[in-house]
Structure formats: structure tokens, C-alpha cells
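Here's the letter readout for the chains.
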Amino acid sequence: QVQLTESGGGLVQPGGSLRLSCAASGRTDRIIDMGWFRQPPGKEREFVAVIGLSGPNGHYADSMKDRLTISRDNAENTVYLQMNSLKPEDTAVYYCFADGSPEGRDWGQGTQVTVSS
């Protein structure tokens, strides 16, 4: 069983930046891929980014590729998402995920990102 705890969300002005963090605890030795989805208000959850165990390069949603950097610190069991040039349409709850557990994909509780002036 893996627990994922996100942090770093909040209110930011358009054009600003945020760095989200997701710390994994529990049976972290089972984790292979980690990444992020987001769910804007009234919409379905959508893929944002993913990074493998060895990295270092991640994969990103096409719509956000030039504004994102995903990174991972395996020693700390933490994945990060650097988001730059944020837009109002980036407003969403951002959910961390981890794959590799025999129980299936694990999800964090989510962290709210609001982009507004």
C-alpha cells in the first residue's frame, strides 16, 4: 500500500509559476512510474505528465509540454512538477499517481491550483 501526499498548490497570477510536490510513503519499493493528472472544474480527469523510475526525461501532455518539467528524487520518494507560464485554464485539482503496486494505480488526495488575477 502506497500513500501519496501532494503539496505546493495555491493561488497564482497568470504567467506565474508553481512547483508541485508529491511524497510517497508506505511500500514505495513497488513504485515504477509516477506522474500527475488534473481535473478542471466540470471536466474529466486528464493526463499531465509522467516519469519512469530511472528517468531522467518525462513525458507530457502536448498542450502543456513547453511549460512543464517533471522530476523525481527516488531517495526521497518524491516527484515534482514545475509549472511555468500558468494560464487560467490550468486551474484544476492536480492529482499525483504512482504505478507498480499490485493493488493498481495509487492516487493522492489532490492539490488545488488556481490561476487568476
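Please read all numbers here as calculations on a predicted model, not as lab measurements.

Participant: Please clarify how unusual backbone geometry should be interpreted in this entry.
Facilitator: Note: most residues except glycine have negative phi, and most peptide bonds are trans. Here Asn77, not a glycine, exhibits a phi torsion of approximately 55°, which is positive. Secondary-structure assignment places Asn77 in the loop between strand E7 (68-73) and strand E8 (78-83). By relative accessible area, Asn77 is classed as partly exposed at 27%. A positive phi angle, close to 50°, is found at Ser85, a residue other than glycine. Take Ser85: it is sitting in the loop between E8 and strand E9 (92-98).

Participant: Looking at this structure, how should I read the nonpolar core?
Facilitator: Nonpolar side chains tend to gather and get buried jointly when the protein is soluble and globular. Grouped together as the largest cluster of nonpolar side chains are 27 residues, with contacts concentrated most on Met34, Trp36, Leu81, Met83 and Tyr94. Breaking this core down by element, the ones donating at least two residues are strand E1 (2-7), strand E3 (18-26), strand E4 (34-39), strand E5 (46-51), E7, E8, E9 and strand E11 (111-115).

Participant: Would you take a moment to explain the environment of Gly58 for this structure?
Facilitator: Within the secondary structure layout, Gly58 lies in strand E6 (residues 58-60). Residues contacting Gly58, with those up to four places away along its chain left out, are Val50, Ile51 and Ile70.

Participant: Explain the sheet that holds E1 here, please?
Facilitator: Backbone-to-backbone hydrogen bonds pair the strands of a sheet. The strands run either parallel or antiparallel. Strand order in the open sheet formed by four strands is E1-E3-E8-E7, with antiparallel pairing between adjacent strands. With partners counted over all chains shown, the strands left at the sheet margins are E1 and E7, one partner each. Taking the axes of each pair of neighbouring strands and ignoring which way they run, one obtains an average angle of 15° across the sheet.

Participant: How should I be thinking about the side chain of Arg72 in this particular structure?
Facilitator: With respect to the secondary-structure elements, Arg72 resides in strand E7. Of the side chains with opposite charge, Asp33 lies nearest to the buried Arg72, which makes no salt bridge, at 5.4 Å. Aside from chain neighbours lying at most four places away, what touches Arg72 is Ile31, Ile32, Asp33, Met34, Ile51, Gly52, Leu53, Thr78 and Val79.

Participant: Looking at this structure, how should I read the packing of aromatic side chains?
Facilitator: For any pair of aromatic rings, the description rests on two quantities: the centre-to-centre distance and the angle between the ring planes. For the structure on display, the rule yields four aromatic pairs. Measuring from centroid to centroid gives 5.4 Å for Phe37 and Phe97, while their planes differ by 70°, and the two rings are edge-to-face. Here Phe37, found in strand E4, pairs with Phe97, found in strand E9; they are 60 residues apart in sequence, far enough to count as distant. Judged by relative accessible area, Phe37 falls into the buried class, the value being 14%. Ring centres 5.8 Å apart and planes at 55° place the aromatic pair Phe97 and Trp107 in the tilted group. Note that Phe97 is positioned in strand E9 and Trp107 in strand E10 (residues 106-107), a separation of ten residues in sequence.

Rules of the game
- Residues numbered from 1 in each chain as written.
- Predicted model: local features only at pLDDT ≥ 70, side-chain atom pairs only at ≥ 80, totals over all residues.
- Heavy atoms only, no water.
- Helix = DSSP H or I, 4+ residues; strand = E, 2+ residues; numbered from the N terminus.
- Buried < 20%, exposed > 50% of the residue type's maximum accessible area, 1.4 Å probe, protein only.
- Core = buried A, V, L, I, M, F, W, Y, C linked by side-chain atoms within 4.5 Å.
- Contact = heavy atoms within 4.5 Å.
- Pairing = 2+ DSSP bridges.
- Axes fitted to C-alpha atoms, helices over the stretch in contact; angles between N-to-C directions.
- Lys, Arg positive; Asp, Glu negative; His and termini not counted.
- Salt bridge = Lys/Arg side-chain N within 4 Å of Asp/Glu carboxyl O.
- Phe/Tyr/Trp six-rings, centres within 6.5 Å; stacked < 30°, edge-to-face > 60°.

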